[in-house]
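Fold and geometry: a report
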Amino acid sequence: MAPGEAELRLRERLAKLRNLQLPGGSRLSGELEKLERQLERMQAEPTGDDIWRSVELARHKDRPYTLDYVQRIFDDWVELHGDRGRADDGAIVAGLARLDGRTVAICGHQKGRDIKERVHRNFGAASPEGYRKAMRVMELADRFAFPLVTFVDTPGAYPGLAAEQHGQGGAIARSQAMMARLRVPAVAAIIGEGGSGGAIALALADRVLMQENAVYSVISPEGCAMILWRDVTAAQKAAAAFKPDAAHCFELGVVDAIVPEPPGGAHEDPDAAAKLLGEALREAVDELDGVPGDELRRKRRARFRSLGVYD
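What this report covers is the structure whose coordinates are included nearby. (Residues numbered from 1 in each chain as written. Predicted model: local features only at pLDDT ≥ 70, side-chain atom pairs only at ≥ 80, totals over all residues. Heavy atoms only, no water.)

**Focus on the packing of aromatic side chains**
Evaluation of the coordinates by the stated rule reveals three aromatic pairs. Plain terms: the ring middles of Tyr-69 and Phe-151 are 6.4 Å apart, the flat faces sit at 10 degrees to each other, and that makes the pair stacked. Here Tyr-69 is found in helix α4 (residues 66–73), whereas its partner Phe-151 is found in strand β4 (residues 148–154), with 82 residues between them in sequence. Each member of the pair Tyr-69 and Phe-151 is classed as buried. For the ring pair Phe-144 and Phe-146, a centre distance of 5.9 Å and an interplane angle of 25 degrees mean the geometry is stacked. A network of ring pairs unites the aromatic residues Tyr-69, Phe-74 and Phe-151 as a single cluster. Over the face of the ring belonging to Tyr-65 we find Arg-113, whose NZ or CZ atom lies 3.9 Å from the ring centre. Above the ring of Phe-304, the side-chain terminus of Arg-303 is found at 4.9 Å from the ring centroid. (Phe/Tyr/Trp six-rings, centres within 6.5 Å; stacked < 30°, edge-to-face > 60°. Helix = DSSP H or I, 4+ residues; strand = E, 2+ residues; numbered from the N terminus. Buried < 20%, exposed > 50% of the residue type's maximum accessible area, 1.4 Å probe, protein only. Lys NZ or Arg CZ within 6 Å of the ring centre and 35° of its normal.)

**Regarding a nonpolar patch on the surface**
A surface patch of nonpolar side chains, about 310 Å² in accessible area, is lined by Ile-227, Leu-228 and Trp-229. Along the chain, Trp-229 falls in helix α10 (residues 221–229). For Trp-229, a relative accessible area of 33% translates into the label partly exposed. (Patch = residues over 30% accessible without salt bridge, like charges linked within 9 Å, V, L, I, M, F, W, Y side chains within 5 Å. Areas by Shrake-Rupley, 256 points an atom, 1.4 Å probe, with all protein chains shown as cover. Salt bridge = Lys/Arg side-chain N within 4 Å of Asp/Glu carboxyl O.)

**Focus on helix α6 (residues 128–144)**
Here α6 contains 17 residues, and its C-alpha end-to-end distance of 25 Å stays within 8% of the 24 Å for a straight helix at 1.5 Å per residue. Where α6 is concerned, the buried positions are Pro-128, Glu-129, Gly-130, Tyr-131, Lys-133, Ala-134, Met-135, Arg-136, Val-137, Met-138 and Ala-141. Positive phi appears at Ala-145, one or two residues downstream of α6, with a value of about 60 degrees. (Expected span 1.5 Å × (residues − 1).)

**What about unusual backbone geometry?**
Its identity as a non-glycine residue notwithstanding, Arg-84 has a phi of 60 degrees, on the positive side. Mapped onto the secondary structure, Arg-84 falls in the loop between β1 (75–80) and β2 (92–99). Positive phi values are uncommon outside glycine, yet Ser-196 reaches one of about 60 degrees. Within the secondary structure, Ser-196 sits in helix α9 (residues 196–200). Ser-196 gets classed as partly exposed once you look at its relative accessible area, which sits at 35%.

**Thoughts on empty space enclosed by the protein**
Inspection of every chain in the model, using the stated rule, returns one cavity of 30 Å³ or more. If you add up the space inside the largest cavity, you get close to 80 Å³. Around the largest cavity sit 13 residues that line it, and Glu-193, Val-215, Ser-217, Ser-220 and Pro-221 are the ones nearest its centre. It is strand β5 (residues 186–195) that provides the largest number of residues to the lining of the largest cavity, a total of three residues. In terms of residue class, the lining of the largest cavity is built from six nonpolar, five polar and two charged. (1 Å grid on protein atoms, 1.4 Å probe; cavity = no way out; pocket = protein on both sides within 12 Å on 5 of 7 lines; lining within 4 Å. Points joined across faces, edges and corners; volume = space filled by probe spheres on them. Nonpolar A, V, L, I, M, F, W, Y, C, P; charged D, E, K, R; others polar.)

**What about the pairing of β5?**
In terms of burial, β5 is largely enclosed, as 10 of its 10 residues are buried. Alignment of β5 against strand β6 (residues 207–211), held across four bridges, turns out to be parallel. Within β6, the residue paired with Ile-190 across the bridge is Met-210. Pairing of β5 with strand β7 (residues 215–217) involves three bridges; the strand directions are parallel. Directly across from Gly-195, in β7, lies its bridge partner Ser-217. (Pairing = 2+ DSSP bridges.)

**Focus: the environment of Tyr-69**
You can call Tyr-69 buried: its relative accessible area is 0%. In this structure, the C-alpha to C-alpha distance between Tyr-69 and Ala-273, residues 204 residues apart in sequence, is 8.6 Å. The contacts of Tyr-69, once residues within four sequence positions are left out, are Pro-64, Phe-74, Phe-151, Ile-191, Gln-211, Ala-266, Ala-273, Ala-274 and Leu-277. (Contact = heavy atoms within 4.5 Å.)

As structure tokens, this is what we get:
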């Protein structure tokens, strides 16, 4: 049934029920409310074109990246380099900064603006060394009771042979396990592409925020299209099917809040986008301030174990 036909039938059912009288003058109020809520959701439901627009905006070449937000939201940024074992992965940035005078630990994916930087940052696709660097900062946060703020913007973890040889899957799993064990507040922000395990490695947090035009999914639209239809050009069709946009992620409970962006997207006014995101981050950190570490861990684990459960 086409969306327009479904909406028309709902309206017809609503009209009939509103005029239907039962003995004693009672009405089918429960059924009416149910249909009205369904109609409201249908009217607000993003279309396939809306979803694909979010994918395009999430990937926009001028969209603010992690360091753009760090420079605009935080003070006294000190970046830390290397994983203390093998290399310094440019796809992950990590360090310490101040948020309204409070020391916080920060880690996030970083993409590049020009060809040289994109190669250096590996287009935001991190290797095991990058996740080990992030874990260094997570450990510092836990040791010194600093809140942790993460920024997620990656098409996915790097799938190359060297990354697999160096333990890509294990690094992602250990990063998630470390975030699950943290006794300090953790807030994650999906600011662009939130792709697969490469994203969740930095997003197992107490509060997960998502910018209005970001996307968050277990696979890219192109990857999904290749699996289902063996046709990469069906990416828009795939995105419409699995709905990685902020509205649907919020509806599923995958994220806790949607952060609005300036008209046209964050790239149109990075300063305004940073102001909106900064306010949301401050509110989330303040909300978690003072919550005992054991309670944070318990609620965080319970929250992520409940995702995907169908009753």
